[in-house]
Amino acid sequence: MTSEAAPTRAYVWVWLPGATEPVVAGVLEASGDIIYFNYGRSYLARPDAVPLYSPELPLQAGRLRPLGGLHVAGCVRDAAPDAWGQRVILHRLLGRVTRDTDPVELSLLTYLLESGSDRIGALDFQPSPDTYVPRSARGTLEEMVQAAARLEAGGPFSPELDAALLRGSSIGGARPKVLLDDGDRKLIAKFSSRTDLYPVVKAESAAMALARRIGLDVAPPELIECLGHDVLLVERFDRTSTPRERRMACLRSRSSSSTR
């Protein structure tokens, strides 16, 4: 797939506060370099409808243009894959990739529609306004560590290992990471990288532990080793598991690596 075959439309689905199933909120439509958003009539008619992000996408009818010279609303861009997720998707769609592969080979709407559905926050993106089909895959931590290492090295790996990385393709950041389930716990697993000049994962774990000791509200870090790689496990703050899973909306802080 290349940019010539890029989709021009994607439907935004959202988990409303307290809901355990998503509803369609509206549609993204590409026109030239701009991606506009339009709330659906059925969503606007809902008594429990909320704006996706009121400063950018107020709850109103009509086509909404991105503010401030942006090409797409920032709250939508924040839900898209960053560097690591883009590499995973480029590999899935284009084959073997290297660090020199240009991410603009694929469009933003392609990244939104091809990334895993278990993304940070309460949004997802679908080709249909009527049917929600989650994009997900399961894999062991060992499989994910192996696949991430091979992707970083630019080497080939099996479709099974490729699928193991799918769930983590939608979370932000440039470093290798995946999403894991541990019983009722939803975790982000951050891996060491072959390009690290120092033990970055250990340093992040130590920083989080220190932050907790001084009273900051930080998820407890869990540092483990898998196949010779450091792995930092961080419990997600945007999911609740009882009695059924719910997704919570959140915003990226421009001074941190948290992601909508």
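Note that the structure is predicted; figures quoted are calculated from it, not measured.

Undergrad: Would you mind showing me how to read the overall build of the protein here?
TA: Per the secondary structure count, the protein includes seven helices and 11 strands. In terms of overall dimensions, the protein is globule-like: its C-alpha atoms have a radius of gyration of 19 Å, near the 18 Å expected for 260 residues. With the principal axes as the frame, the protein shows a C-alpha extent of 55 × 45 × 35 Å. Taken across its 260 residues, the protein has 47% of its residues classed as buried. Counting contacts in the protein only where the partners sit at least 6 residues apart, residues at least 24 apart contribute 54% of the total. Charged side chains in the protein number 32 positive and 32 negative. The centres of these two groups are separated by 3 Å.

Undergrad: Looking at this model, I keep getting lost on the nonpolar core. Mind explaining?
TA: Buried together is how nonpolar side chains tend to be arranged in soluble globular proteins. Core analysis: the biggest nonpolar cluster contains 34 residues, and Val 14, Leu 28, Leu 52, Leu 57, Val 76 and Phe 125 have the highest contact counts within it. Only strand S1 (9–14), strand S2 (23–31), strand S3 (34–39), helix H2 (74–77), helix H4 (108–114) and strand S5 (123–126) provide two or more residues apiece to this core. If you look at the next biggest cluster of nonpolar residues, it comprises 25 residues, including Val 88, Val 97, Leu 141 and Phe 191.

Undergrad: Hey, could you run me through helix H3 (residues 83–94) in this one?
TA: An α-helix turns once per 3.6 residues; consequently, residues spaced three or four apart project the same way. Helix length check: H3, at 12 residues, gives a terminal C-alpha distance of 16 Å against a target of 16 Å (1.5 Å per residue), a fit within 8%. Considered for burial, the residues of H3 that qualify are Trp 84, Gly 85, Gln 86, Arg 87, Val 88, Ile 89, Leu 90 and His 91. Buried residues belonging to H3 abut H2, H4, helix H5 (141–153), helix H6 (159–164) and strand S6 (177–182). Gly 95, located one to two residues past H3, shows a positive phi value of around 95°.

Undergrad: Explain the environment of Leu 141 to me, please; I cannot follow it from the model alone.
TA: Looking at where Leu 141 falls in the secondary structure, it is placed in helix H5. Here the alpha-carbon distance between Leu 141 and Gly 121, two residues 20 residues apart in the chain, equals 23 Å. When sequence neighbours within four positions are dropped, the list of residues in contact with Leu 141 reads Leu 180, Ala 189, Phe 191, Ile 224, Cys 226 and Val 231.

Undergrad: What is the right way to look at the packing of aromatic side chains in this model?
TA: The description of two aromatic rings rests on the distance between their centres and on the angle between their planes. Scanning the entire structure with this criterion turns up four aromatic pairs. An angle of 85° between the planes, with centres 4.7 Å apart, marks the rings of Phe 37 and Tyr 39 as edge-to-face. Side by side, Phe 37 and Tyr 39 carry an identical accessibility label, which is buried. Feature note: the residues Trp 13, Trp 15 and Tyr 132 constitute an aromatic cluster, connected by ring pairs. The ring of Tyr 36 is capped by Arg 63, whose NZ or CZ atom sits 3.8 Å from the centre of that ring.

Undergrad: Just to check I follow, could you spell out the side chain of Arg 239 for this structure?
TA: Relative to the assigned elements, Arg 239 resides in strand S10 (residues 239–240). Residue Arg 239 is classed as buried on the basis of its relative accessible area of 9%. A distance of 2.7 Å separates a polar side-chain atom of Arg 239 from the backbone oxygen of Arg 119. Filtering out sequence-adjacent residues up to four positions away, Arg 239 remains in contact with Asp 118, Arg 119, Gly 121, Lys 186, Glu 245, Arg 246, Arg 247 and Met 248.

Undergrad: Explanation requested: H5 in the structure shown.
TA: For H5, spanning 13 residues, the distance from its first C-alpha to its last is 18 Å, which sits close to the expected 18 Å at 1.5 Å a residue. Every buried residue of H5 is listed here: Leu 141, Met 144, Val 145, Ala 147, Ala 148, Leu 151 and Glu 152. End-on, the buried residues of H5 take up no more than an arc of 165°, which puts them together on one face. Contacts made by the buried residues of H5 are with H3, H6, S6, strand S7 (185–191), strand S8 (221–226) and strand S9 (229–235). Two residues or fewer past H5, Gly 154 is found with a positive phi of approximately 80°.

Undergrad: Mind showing me how you'd approach empty space enclosed by the protein here?
TA: Vacant regions in the atomic arrangement are exposed by a probe of water-molecule size rolled over the atoms. Taken as a whole and judged by the stated rule, the model has one cavity of 30 Å³ or more. Approximately 40 Å³ is the volume found for the largest cavity. Sort the elements by how many residues they give to the lining of the largest cavity and H5 lands first, with four residues.

Calculation criteria
- Residues numbered from 1 in each chain as written.
- Predicted model: local features only at pLDDT ≥ 70, side-chain atom pairs only at ≥ 80, totals over all residues.
- Heavy atoms only, no water.
- Helix = DSSP H or I, 4+ residues; strand = E, 2+ residues; numbered from the N terminus.
- Rg over C-alpha atoms; globule rule 2.2 N^0.38 Å.
- Buried < 20%, exposed > 50% of the residue type's maximum accessible area, 1.4 Å probe, protein only.
- Contact = heavy atoms within 4.5 Å.
- Lys, Arg positive; Asp, Glu negative; His and termini not counted.
- Charge placed at Lys NZ, Arg CZ, Asp CG, Glu CD.
- Core = buried A, V, L, I, M, F, W, Y, C linked by side-chain atoms within 4.5 Å.
- Expected span 1.5 Å × (residues − 1).
- Phe/Tyr/Trp six-rings, centres within 6.5 Å; stacked < 30°, edge-to-face > 60°.
- Lys NZ or Arg CZ within 6 Å of the ring centre and 35° of its normal.
- Polar contact = N/O pair within 3.5 Å; in protein donor to acceptor, adjacent residues only side chain to side chain.
- Arc of directions from axis to C-beta.
- 1 Å grid on protein atoms, 1.4 Å probe; cavity = no way out; pocket = protein on both sides within 12 Å on 5 of 7 lines; lining within 4 Å.
- Points joined across faces, edges and corners; volume = space filled by probe spheres on them.

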